[in-house]
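Chain residues, written in single-letter form:
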Amino acid sequence: MTKTPDQARPTPRAGIMDIEAYVPGKSAAPAGVAKVHKLSSNENPLGPSPKAVEAAREVAARLDVYPDGSARRLREAIGEAHGLNPGNIICSNGSDEILGLLAQTYLAPGDEAIITEHAFMVYKIYIQSAGAVPVTVREKDERTDIDAIIAAVTPRTRIVFLANPNNPTGTYVPFQEVRRLHAALPKDVLLVLDAAYAEYVRRNDYEAGIELAGSAQNVVMTRTFSKLGLGGARIGWMYGPMHIVDAINRIRGPFNVNATAIEAGIAAIRDRAHIELSVTHNEKWLSWLNEELTRLGLRVTPSVGNFVLIHFPDDGKHSAAAADDYLTARGYILRRVTGYGFPNALRMSVGTEEANRGVIDALETFLKS
Ligand SMILES: *Cc1c(COP(=O)(O)O)cnc(C)c1O
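First things first, this report covers the structure right here in the doc. Everything quoted here is computed from the prediction, not taken from an experiment.

1. Looking at the site of the ligand
So, point 1. Around the ligand lies a shell formed by G94, S95, D96, F120, N167, D194, A196, Y197, T224, S226, K227 and R234.
So, point 2. Within the side chain of Y197, an N or O atom sits 2.6 Å from an oxygen atom of the ligand.
So, point 3. S226 has a polar side-chain atom sitting 2.5 Å from an oxygen atom of the ligand.
So, point 4. Surface burial for the ligand is 94%, taken as the share of its 390 Å² of free accessible area covered by protein chains.
So, point 5. Per element, the largest residue contribution to the shell around the ligand is 3 residues, and it comes from helix α3 (residues 94-106).
So, point 6. The residue inventory of the shell around the ligand, partitioned by class, reads 3 nonpolar, 5 polar and 4 charged.

2. Considering the pairing of strand β15 (residues 342-349)
So, point 1. Here β15 lies mainly inside the structure; 7 of its 8 residues are buried.
So, point 2. Relative to β15, strand β12 (residues 307-311) is paired through 5 bridges, and the arrangement is antiparallel. The residue bridging V308 from the neighbouring strand is M348, located in β15.
So, point 3. Relative to β15, strand β14 (residues 335-337) runs antiparallel, the two being bridged by 3 bridges. Note that in β15 the partner of R336 across the bridge is L346.
So, point 4. Hairpin connection, β14 to β15: the antiparallel pair is bridged by 4 residues, and G341 has positive phi, about 90°.

Rules used throughout
Residues numbered from 1 in each chain as written. Predicted model: local features only at pLDDT ≥ 70, side-chain atom pairs only at ≥ 80, totals over all residues. Heavy atoms only, no water. Near = heavy atom within 4 Å. Polar contact = N/O pair within 3.5 Å; in protein donor to acceptor, adjacent residues only side chain to side chain. Areas by Shrake-Rupley, 256 points an atom, 1.4 Å probe, with all protein chains shown as cover. Helix = DSSP H or I, 4+ residues; strand = E, 2+ residues; numbered from the N terminus. Nonpolar A, V, L, I, M, F, W, Y, C, P; charged D, E, K, R; others polar. Buried < 20%, exposed > 50% of the residue type's maximum accessible area, 1.4 Å probe, protein only. Pairing = 2+ DSSP bridges.

This is the structure we're talking about:
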């Protein structure tokens, strides 16, 4: 269609307008609700480390000064906590940013990147924004099916994104399976191990991927501070081989991690007590929620993260949508997951004792209604 000069306007690159924007978890309840419990974004119910809050406060007086563009002290603190060479770490504005940078760096138009059926949604957005093609493979019982991924690899495959554990299912792949996947991948295909929930996993056959990312030339591990109490600070990081670090450093924003995030992050990762408290709280209430939800007759996908995926009955009366309305009206904000392929489920972050008990009580009444 020809346009007259005054109809002309900038047009996004091909494919951009096909992207469905990410919809974050809700945070508001209707007016009049006495107390709102936000259980929609897998934040830490214990809040941020008090030491991180103090560090953020202190940096406020120096907001005129640019941060260290390489976030060296934060990388050193991460390196110290995990036994890693800081030179192999890149910090980012949330791990979302590093996932996007990986896509920008390794995908060209027409390339393929593999994701799983119920995968964390940002992968698809970044794949598409690089002009590449997301190839979605089936899961088996809401779990990643390694054989399905291997079968989907073509000469055009450049990246495999694997959230382990995955969000919103909470299921994980034992590390032997991850190694089997890696062994089957061509050496020029990048395996991105997104271990956003690694701190919460309590399974002997689980590994976040530190060893593999430290030894293979085509594996990176991404991590985040968001699920441990610093979602608002936006801190993520990647660990991987030097040649990948070098490539990413060429395109990332020169000051992509802000001064507040750097100081809060350093204080948070050194606050082992707060991390342990958070993990212990989660362990206790994750299993409590599983038991209680099962007792109410609801199916729960077995989760190793800090959230549960709750499936609702198909009786027409007690759908996830109805439950969501019921809970929201009472101040309990859960996450609809229709966009993830679960139209009749809700994802609930493990909350405080008060929130967890409140949701179970409300659901018990709702299911009897
Ligand atoms: C929350 C989450 C992230 C990233 O969160 P950031 O806040 O951007 O660090 C990455 N992957 C998965 C699977 C997540 O659930």
